[in-house]
Amino acid sequence: MCGIIGMVGVSAVNQRIYDALTVLQHRGQDAAGIMTSENGELFMRKDSGLVRDVFQQKHMLKLKGNVGIGHVRYPTAGADSANDAQPFYVNSPYGICLGHNGNLTNARELTEVLVREDRRHLNTGSDSEVLLNVLASELQRVGTPRVTPADIFAAANAVYRRCRGGYAVVAMVIGHGVLGFRDPNGIRPLVIGKRGTKKGTEWMLASESVALDMLGFDMVRDVAPGEAVFIDEQGRFYAQQCVAMARHTPCIFEYVYFARPDSIIDTPSSTIFPCTRRDCAWASAWPRRSSVSAPTTTSTWSFRFPIPAAPAPCRWRSFSGSSIARDSSRIATSAAPSSCRARSSVRSRYAAS
């Protein structure tokens, strides 16, 4: 679970990406990073820690430009170190930065092909770096000084053919714009926001709509499963459905645990609560299909949620009418690798919520 932001503005985006990452802090407390570009030059800052700790004033002043992406990380692949902080960057072709939320199920096979056939070097065990290099190797085939939206979408189509798993991605092609795409099953969320100004239109991509709300962006829609969108540096928006047979099968945990209660996901007119209720109803059949015997009424089931008073059990209680008993025994292991960081992260998470 991670949080991603992409923005193309008419003024500096550094502070706004920072603010957006703070409201997505619940999606990852291990590391944070921002990359921006101006006149073909890349500016970056990333490190382990919470957003408020990674970025000081001296760092923010160096993040110049009206185009940028940001990331907060919860490690599910790779190592728990600053080297795995995102976004990742490769200088060829064009200079590409990428932030990724999700997991690739065929990362090992892709790594072998990238090294053996594409002659690309991978510096970490992160599947996000693998995905970045797959995208870079496909854009390398363009072979021209500039890429067009058609070139971008052709590369995205190739990424869909090569990569398997659940993922939402924002990528910045330096001097060109910001690309966003989502896996063919829509497992990980990605929303599109738009804001009109006197100087022109600004665009934003985010894991959750709360990031759009706090910056005054109107939510346009979700990126569809198997769709890629591209916003160039002049603020022109392009979209293409890359996977014709995409099937929307989102992750239930986005609705009942990962996302903030005030986020809008995969629905144009309501918060996640209606989806939560529907998906909880679907989930109620799971124990009967498994080898675990369970009572036939939800009121007598026992569920263990790792973080006390979290939105997930609160939403389940609203759906089922069941009482919730707090269990604080697993806070340290569920939030972060170290118990000290876990307690700090949990406090920060609910302060932000």
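The paragraphs below set out a description of the structure included in this document.

### Things to note about the packing of helix α4 (residues 107-116) against helix α5 (residues 127-140)
Line of reasoning, step 1. For the pair α4 and α5, interaxial distance at closest approach is 10 Å and the crossing angle is 45°. With respect to each other, α4 and α5 are oriented oblique. In the crossing of α4 with α5, the sense of the turn from one axis to the other is left-handed. Touching A107, L110, T111 and L114 of α4 are D127, V130, N133, V134 and S137, all from α5.

### Here's the deal with the sheet that holds strand β9 (residues 191-197)
Line of reasoning, step 1. Pairing within the open sheet is antiparallel, and its 7 strands lie in the order β3-β2-β4-β1-β10-β9-β11. Because the sheet does not close on itself, it has two edges, and the strands there are β3 (41-48) and β11 (218-222). Looking at each pair of strands side by side, their axes are set apart by 15° on average, direction ignored.
Line of reasoning, step 2. Relative to strand β10 (residues 200-206), β9 is paired through 7 bridges, and the arrangement is antiparallel. Looking at β10, one finds that G193 is bridged to M204.

### A closer look at the pairing of β3
Line of reasoning, step 1. When strand β2 (residues 31-38) meets β3, the two strands line up antiparallel, connected through 8 bridges. Pairing of I34 across the sheet is with R45, part of β3.
Line of reasoning, step 2. Between the end of β2 and the start of β3, which pair antiparallel, lie 2 residues, with N39 showing a positive phi angle near 50°.

### Topic: the nonpolar core
If you look at soluble globular proteins, the nonpolar side chains tend to sit buried side by side.
Line of reasoning, step 1. Formed by 34 residues in total, the largest nonpolar core has its most connected members in L131, L135 and F181.
Line of reasoning, step 2. Residue assignment for this core shows that the elements contributing at least two residues are β5 (88-90), β6 (96-104), α4, α5, α6 (149-162), β7 (165-173), β8 (177-182) and β12 (227-232).
Line of reasoning, step 3. The leading source of residues in this core is α5, at 7 residues.
Line of reasoning, step 4. Apart from the residues within four sequence positions on either side, L131 is in contact with L98, H100, L104, V159, C163, Y167, V169 and F181.
Line of reasoning, step 5. In terms of nonpolar packing, the next biggest core, distinct from the first, is built from 26 residues, V13, A32, F55 and V210 among them.

### Regarding the pairing of β12
Line of reasoning, step 1. In terms of burial, β12 is largely enclosed, as 6 of its 6 residues are buried.
Line of reasoning, step 2. Across the two faces of β12 the burial is the same, with E227, V229 and I231 and A228, F230 and D232 all buried.
Line of reasoning, step 3. Sheet analysis places β8 next to β12, joined by 5 bridges and oriented antiparallel. Note that in β12 the partner of V178 across the bridge is I231.
Line of reasoning, step 4. Relative to strand β13 (residues 237-241), β12 runs antiparallel, the two sharing 5 bridges. In the sheet register, F230 faces β13, and the bridge partner there is Y238.
Line of reasoning, step 5. In sequence, β12 turns back onto β13 through a hairpin of 4 residues, with G235 there showing a positive phi of about 85°.

### As for the packing of α5 against α6
Line of reasoning, step 1. Running from amino to carboxyl end, α5 crosses α6 at an angle of 130°, the nearest separation of the two axes being 9 Å. Taken together, the axes of α5 and α6 lie oblique to each other. In the crossing of α5 with α6, the sense of the turn from one axis to the other is right-handed. Here α5 contributes L131, V134, L135, S137, E138 and L139 to the contact with α6, which in turn contributes D151, I152, A155, A158, V159 and R162.
Line of reasoning, step 2. When grouped by side-chain class, the residues that make up the contact of α5 with α6 number 8 nonpolar, 1 polar and 3 charged.

### Observations regarding the packing of aromatic side chains
Line of reasoning, step 1. In the structure shown here, the tally under the stated rule is 8 aromatic pairs.
Line of reasoning, step 2. Ring geometry for Y160 and Y167: centres 6.3 Å apart, planes at 35°, overall tilted.
Line of reasoning, step 3. For Y160, a relative accessible area of 9% corresponds to the buried category.

### A look at α6
Line of reasoning, step 1. Taking 1.5 Å of rise per residue, the 14 residues of α6 would be expected to cover 20 Å, and the 20 Å separating its terminal C-alpha atoms lies within 8% of that figure.
Line of reasoning, step 2. All of the buried residues along α6 are I152, F153, A155, A156, N157, A158, V159, Y160 and R162.
Line of reasoning, step 3. If you follow the buried residues of α6, they end up packed against α4, α5, β7, β8, β12 and β13.

What counts and what doesn't
- Residues numbered from 1 in each chain as written.
- Predicted model: local features only at pLDDT ≥ 70, side-chain atom pairs only at ≥ 80, totals over all residues.
- Heavy atoms only, no water.
- Axes fitted to C-alpha atoms, helices over the stretch in contact; angles between N-to-C directions.
- Helix = DSSP H or I, 4+ residues; strand = E, 2+ residues; numbered from the N terminus.
- Parallel < 35°, antiparallel > 145°, perpendicular 65-115°, else oblique.
- Left-handed = near helix turned anticlockwise from the far one by under 90°.
- Contact = heavy atoms within 4.5 Å.
- Pairing = 2+ DSSP bridges.
- Core = buried A, V, L, I, M, F, W, Y, C linked by side-chain atoms within 4.5 Å.
- Buried < 20%, exposed > 50% of the residue type's maximum accessible area, 1.4 Å probe, protein only.
- Nonpolar A, V, L, I, M, F, W, Y, C, P; charged D, E, K, R; others polar.
- Phe/Tyr/Trp six-rings, centres within 6.5 Å; stacked < 30°, edge-to-face > 60°.
- Expected span 1.5 Å × (residues − 1).

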